[in-house]
Amino acid sequence: KEAMVGIDIKSKSLQPHWYERYVQPCVAELLGSTLFIFIGCLSVVEDAEGTGRLQPALAHGLALGLTIAILGDI
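Residues numbered from 1 in each chain as written. Predicted model: local features only at pLDDT ≥ 70, side-chain atom pairs only at ≥ 80, totals over all residues. Heavy atoms only, no water.

The protein chain is annotated in an unreviewed UniProt entry as Aquaporin-8 of Eudyptula minor. Taken directly from UniProt, the Subcellular location (unreviewed entry) text for the protein chain runs: "Membrane". (UniProt positions renumbered as here; feature names shortened; annotations may be inferred.)

Here it is as structure tokens:
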């Protein structure tokens, strides 16, 4: 304790930085929507006869799961 008497400890501000508050959520929304729409559209471009509705449904589900896993904490 005695050695730390002369050291000023700066406390973190309770408010997040403007980048974390405004820019980061917008970029995450843009990237998530782009990934979801791009993979969803690519899944129905070549529709094989045997897959039917299963291929687009799985592609959308996996894209959504991936987006949530990567960008969920923002």
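**Section: the environment of Leu-64**
Following the sequence through the fold, Leu-64 ends up in helix α2 (residues 54-71). For the pair Leu-64 and Phe-36, spaced 28 residues apart in sequence, the C-alpha separation works out to 6.2 Å. (Helix = DSSP H or I, 4+ residues; strand = E, 2+ residues; numbered from the N terminus.)

**Section: the packing of helix α1 (residues 18-43) against α2**
Orientation of α1 relative to α2, taken along the N-to-C sense of each, is 160°, at an axis distance of 8 Å. For the element pair α1 / α2, the angle class is roughly antiparallel. In terms of crossing hand, the pair formed by α1 and α2 is right-handed. Packed against α1, whose contacting residues are Ala-28, Leu-31, Gly-32, Leu-35, Phe-36, Ile-39, Gly-40 and Ser-43, the element α2 presents Gln-55, Pro-56, Ala-59, His-60, Ala-63, Leu-64, Leu-66, Thr-67 and Leu-71 at the interface. Per-class residue counts for the contact of α1 with α2 are 11 nonpolar, 6 polar and no charged. (Axes fitted to C-alpha atoms, helices over the stretch in contact; angles between N-to-C directions. Parallel < 35°, antiparallel > 145°, perpendicular 65-115°, else oblique. Left-handed = near helix turned anticlockwise from the far one by under 90°. Contact = heavy atoms within 4.5 Å. Nonpolar A, V, L, I, M, F, W, Y, C, P; charged D, E, K, R; others polar.)

**Points about the environment of Ile-39**
Here Ile-39 shows up in helix α1. Between the alpha carbons of Ile-39 and His-60 there is a distance of 7.0 Å; along the sequence they are 21 residues apart. Excluding residues within four positions of it along the chain, Ile-39 makes contact with Ala-59 and Ala-63.

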